[in-house]
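Overview (structure and organization)
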Amino acid sequence: MFMRVDKLQAELPAPKRKDPNAAAALQELLGGKYGEMSTLGNYMFQSFNFLSKDKLKPFYSLVAAITAEELGHVELVSNGVAMLANGPDNDGDMEAGGDISQAPFEAMKDIRSFASFASNGGGAMPVNSNSMSWNADMVTSTGNVVVDLLHNFHLECGARLHKLRVYETLTDPTGREVCGYLLVRGSVHAHAYALALKQITGVELEKFLPTPNIPLDKIPECQKYLQEGSHRRLYTFSPADYKSMAGIWGNGEQALPGDPPGELQLVDGMPEGGKIHQLSGVPSAFTPDYAPEEMFEIATKLYKASR
Ligand code: MN
Ligand code: MN
């Protein structure tokens with residue numbers, strides 16, 4: 001089962017301006033072929049379907065724990081997308097938004113993913129950068145442990161490819177931070193699947209890394225995560241379970257050449273993470289609508305009653 005924590009896995013800086021096209025570019029990391037919906041879907045169903053879970057515990061634990069991290073990546077990218085579509089932070093109060101008879105959102109007809117405004121109110125959806133639906137065909141769960149782990153290794157390398165390309169298109173700090181954080185974590189996952197395959201087959205797949213071949217030290221947004229050792233950490237995302245993967249991630253294995261050196265380390269639980277930003281509605285876009293002030297008042301009363 002899953003437990004939910006009301007935070008993001010990383011602290012994101014607020015966007016400097018509203019940029020729905022940057023949000024659309026970032027959607028590729030959510031619902032693209034190699035996006036977070038794909039990594040989540042693959043590891044989640046592989047972990048559900050895993051055969052001989054007890055006998056293959058370290059391998060099962062690895063896929064199960066990374067599943068939880070990927071669900072948090074879906075959340076992180078979704079927040080990044082919505083932040084870019086909504087613009088700079090405010091305190092959650094609504095802006096006027098303009099007279100609806102004067103086409104206040106005329107500029108929106110020229111954004112790449114018009115549905116992100118028209119249907120989704122500036123929120124993220126499980127679609128790629130061209131609004132094409134993510135779907136279950138992106139999920140591979142063969143029941144063969146080596147084939148699935150090899151697929152996962154490919155998936156993480158592919159994810160790195162489109163993270164690097166999306167990063168190269170973005171100037172806003174929010175989207176760049178999402179890419180920087182996920183490049184470090186994706187590198188951990190590729191490394192972890194490589195080490196799992198090495199344990200089973202003896203093939204030193206980690207020597208392929210980094211694939212594609214750009215080291216993390218070329219990306220300014222990766223530096224603080226490397227300094228704090230995120231590239232050496234894998235999290236259990238559980239109060240007590242999945243510790244057996246320390247035999248794969250740990251066990252004297254070292255950081256990849258090119259990254260700050262040190263031994264790989266399994267961490268119980270989850271990263272400290274960062275806050276979820278407040279995004280506000282706009283009356284002329286009918287968000288959150290009904291009777292906003294009245295709803296805020298009702299929510300305040302309910303909150304007080306819960307204390
Ligand atoms: Mn991910
Ligand atoms: Mn991953």
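Everything below is about the structure printed above this text.
Residues numbered from 1 in each chain as written. Chains lettered and ligands numbered in written order. Predicted model: local features only at pLDDT ≥ 70, side-chain atom pairs only at ≥ 80, totals over all residues.

**Here we look at the overall build of the protein chain**
Per the secondary structure count, the protein chain includes eight helices and two strands. Order of helices (α) and strands (β) in the protein chain, N terminus to C terminus: α-α-α-α-α-α-α-β-β-α. Against the globule reference of 19 Å for 307 residues, the protein chain gives a C-alpha radius of gyration of 21 Å, in line with a compact fold. If you line up the protein chain on its principal axes, its C-alpha atoms span 70 × 45 × 35 Å. (Helix = DSSP H or I, 4+ residues; strand = E, 2+ residues; numbered from the N terminus. Rg over C-alpha atoms; globule rule 2.2 N^0.38 Å.)

**As for the packing of helix α1 (residues 20–31) against helix α5 (residues 145–169)**
Relative placement of two packed helices is described by the angle separating their axes and the distance separating the axes. Relative to each other, α1 and α5 sit at 170°, their axes nearing to 10 Å. Regarding the angle of α1 to α5, the classification is roughly antiparallel. Seen from α1, the contacting residues are Ala25, Leu26, Glu28 and Leu29; seen from α5, they are His162, Lys163, Val166 and Thr169. (Axes fitted to C-alpha atoms, helices over the stretch in contact; angles between N-to-C directions. Parallel < 35°, antiparallel > 145°, perpendicular 65-115°, else oblique. Contact = placed C-beta atoms within 7 Å.)

**Overview of helix α6 (residues 173–201)**
The terminal C-alpha atoms of α6, which comprises 29 residues, lie 42 Å apart, in line with the 42 Å expected from a rise of 1.5 Å per residue. The buried fraction of α6 is high, at 24 of 29 residues. One or two steps after α6, the chain reaches Gly202, where phi turns positive at roughly 85°. (Expected span 1.5 Å × (residues − 1). Buried ≥ 20, exposed ≤ 12 C-beta atoms within 10 Å, placed from the backbone.)

**Some details on unusual backbone geometry**
Here the residue pair Thr211 and Pro212 is connected by a cis peptide bond, since its omega of -5° sits within 30 degrees of zero. Within the secondary structure, Pro212 is located in the loop between α6 and α7 (223–227). At the junction of Thr287 and Pro288, the peptide bond is cis and its omega measures out at -20° in the coordinates. Structurally, the position occupied by Pro288 is in the loop between β2 (265–267) and α8 (292–306). Positive phi, normally seen in glycine, also occurs at Phe237, with a value near 50°. By the secondary structure assignment, Phe237 is in the loop between β1 (233–235) and β2. Here Asn251, not a glycine, exhibits a phi torsion of approximately 55°, which is positive. Mapped onto the elements, Asn251 comes out in the loop between β1 and β2. Residue classification places Asn251 among the partly exposed positions, given that 14 C-beta atoms sit within 10 Å.

**Some details on the packing of α5 against α6**
Close contact between α5 and α6 brings their axes to 9 Å; oriented N to C, the two are set at 160°. Compared by their axis directions, α5 and α6 come out roughly antiparallel. For α5 against α6, the interelement crossing comes out left-handed. Grouping the amino acids of the contact of α5 with α6 by side-chain chemistry returns 17 nonpolar, five polar and four charged. (Left-handed = near helix turned anticlockwise from the far one by under 90°. Nonpolar A, V, L, I, M, F, W, Y, C, P; charged D, E, K, R; others polar.)

**Observations concerning the environment of Thr287**
The residue Thr287 is located in the loop between β2 and α8 in this model. A count of 17 C-beta atoms within 10 Å places Thr287 in the partly exposed class. With 173 residues separating them along the chain, Thr287 and Phe114 place their C-alpha atoms 16 Å apart. Apart from residues no more than four positions distant in its own chain, Thr287 is found in contact with Gly121, Gly281 and Val282.

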